[in-house]
Amino acid sequence: MNKQVLVEDVWKSFDRGRIEVLKGVTFTVPKGEIVALCGTSGCGKSTLLNVISGLEEVDRGKIRVAGFDVVEESTRIDLLRHHIGYVFQFHHLMPDLTLAENCLVPLIATGGQRADGLARLHELATATGVEHRLGQRVRELSGGERQRGALVRSLMNDPELLLCDEPTGALDEKNRAKVFDLLLDLVRARGRTLVLATHDLELALRCDRTVKMRDGRIEGEVR
Ligand SMILES: Nc1ncnc2c1ncn2[C@@H]1O[C@H](COP(=O)(O)OP(=O)(O)O)[C@@H](O)[C@H]1O
Ligand SMILES: [Mg+2]
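To start, this report covers the structure provided alongside it. (Residues numbered from 1 in each chain as written. Chains lettered and ligands numbered in written order. Predicted model: local features only at pLDDT ≥ 70, side-chain atom pairs only at ≥ 80, totals over all residues.)

Within the fold, Val 105 resides in helix α3 (residues 99-109). Spatially, the C-alpha atom of Val 105 lies 33 Å from that of Thr 40, the residues being 65 residues apart in sequence. (Helix = DSSP H or I, 4+ residues; strand = E, 2+ residues; numbered from the N terminus.)

Next up, the structure:
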């Protein structure tokens, strides 16, 4: 089966069922595809990414990533550490560590066994244009540099699936297009799968497929 992501009739609520957010979401993503989830704020994009990654539990439904059952609790942390990269809307880097130290954290979380860790860090940092900032503390970096740094960190373990939540949402217009192009290039060059959430339709249309969400449901899609 060539499905990298399979989401089947997924339901998710908060506040003991009082806030229903995902209402029977079904969709699949083949390996190597770049998919944009779009829809207005509050429609459930972030929640959907969180349940795909296993950061949030579903109420019911089926989720598989790279053949792993995400709903099955025992494998979830391994899946997240080894097979999924995540870029949050606000970088979530540790401000008092250097950019290099932040980017090495995923390697530590997977046992620190990658001999090529430093070479990989330099390669990704060069590709994203932050190589000269690696020794800097994150709190001294600009917004664009932080988001590029978050991208480097998310790719350190060479994940099969990259999930990005409004990856350029916190950036100004000039940086937004640049970081977005960089993201697509990096993922395409490696043949990886990307699911990203954005409310920016213009950016979404540069992906292979745009899946439109509305009020916790998939409303349609554009290729
Ligand atoms: N932890 C939570 N507790 C309660 N409500 C939540 C929680 N997370 C998200 N929601 C609600 O779920 C809805 C969808 O949120 P979200 O997935 O963040 O949408 P989007 O990313 O499309 O803007 C919103 O109404 C939001 O308030
Ligand atoms: Mg969101």
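Following the structure, the description resumes.
A positive phi angle, close to 50 degrees, is found at Ala 66, a residue other than glycine. Inspection of the secondary structure puts Ala 66 in the loop between β4 (60-65) and β5 (68-69). Accessibility expressed as a C-beta count within 10 Å gives 17 for Ala 66, which makes it partly exposed. Positive phi is not limited to glycine here, since Asp 215 has a value of about 50 degrees. In this structure, Asp 215 sits in the loop between β9 (209-214) and β10 (217-222). A count of 13 C-beta atoms within 10 Å places Asp 215 in the partly exposed class. (Buried ≥ 20, exposed ≤ 12 C-beta atoms within 10 Å, placed from the backbone.)

Our next topic: the sheet that holds β4. Strand order in this open sheet of four strands is β2-β1-β4-β5, and the pairing throughout is antiparallel. At either end of the open sheet lies a strand with only one pairing partner, and these are β2 (19-30) and β5. When β4 meets β5, the two strands line up antiparallel, connected through two bridges. Across the sheet, residue Arg 64 finds its bridge partner in β5, namely Asp 69. The strands touched by helix α1 (residues 45-53) within the sheet are β1 (3-14), β2 and β4, with β1 carrying the most contacts at an inclination of about 120 degrees. (Pairing = 2+ DSSP bridges. Contact = placed C-beta atoms within 7 Å. Axes fitted to C-alpha atoms, helices over the stretch in contact; angles between N-to-C directions.)

What surrounds ligand 1 is a group of 13 residues, the closest being Phe 14, Val 21, Lys 45, Ser 46 and Thr 47. Of all elements in the fold, only β2 and α1 reach the threshold of two or more residues within the shell around ligand 1. The leading source of residues in the shell around ligand 1 is α1, at three residues. Residues that form the shell around ligand 1 fall into these classes: five nonpolar, six polar and two charged. (Near = placed C-beta within 6 Å. Nonpolar A, V, L, I, M, F, W, Y, C, P; charged D, E, K, R; others polar.)

The next point concerns the packing of helix α5 (residues 143-155) against helix α6 (residues 173-190). Their axes nearest at 10 Å, the elements α5 and α6 cross at an angle of 15 degrees. On the basis of their axis angle, the class for α5 and α6 is roughly parallel. Here the hand of the crossing between α5 and α6 comes out right-handed. Contacts between α5 and α6 involve Gly 144, Gln 147, Arg 148, Leu 151 and Leu 155 from the former and Asn 175, Val 179, Leu 183 and Leu 186 from the latter. A class-by-class count of the residues in the contact of α5 with α6 yields five nonpolar, three polar and one charged. (Parallel < 35°, antiparallel > 145°, perpendicular 65-115°, else oblique. Left-handed = near helix turned anticlockwise from the far one by under 90°.)

Within α3, the full set of buried residues consists of Leu 99, Asn 102, Cys 103, Leu 104 and Pro 106. Contacts made by the buried residues of α3 are with α4 (117-128) and α5.

Another point: the pairing of strand β6 (residues 84-87). Burial along β6 is two-sided: Ile 84 and Tyr 86 facing one way and Gly 85 and Val 87 facing the other are all buried. Two strands pair when backbone bridges link them, and β6 and strand β7 (residues 161-165) are joined in this way by four bridges, in the parallel orientation. Bridging across to β7, Ile 84 finds its partner in Leu 161.

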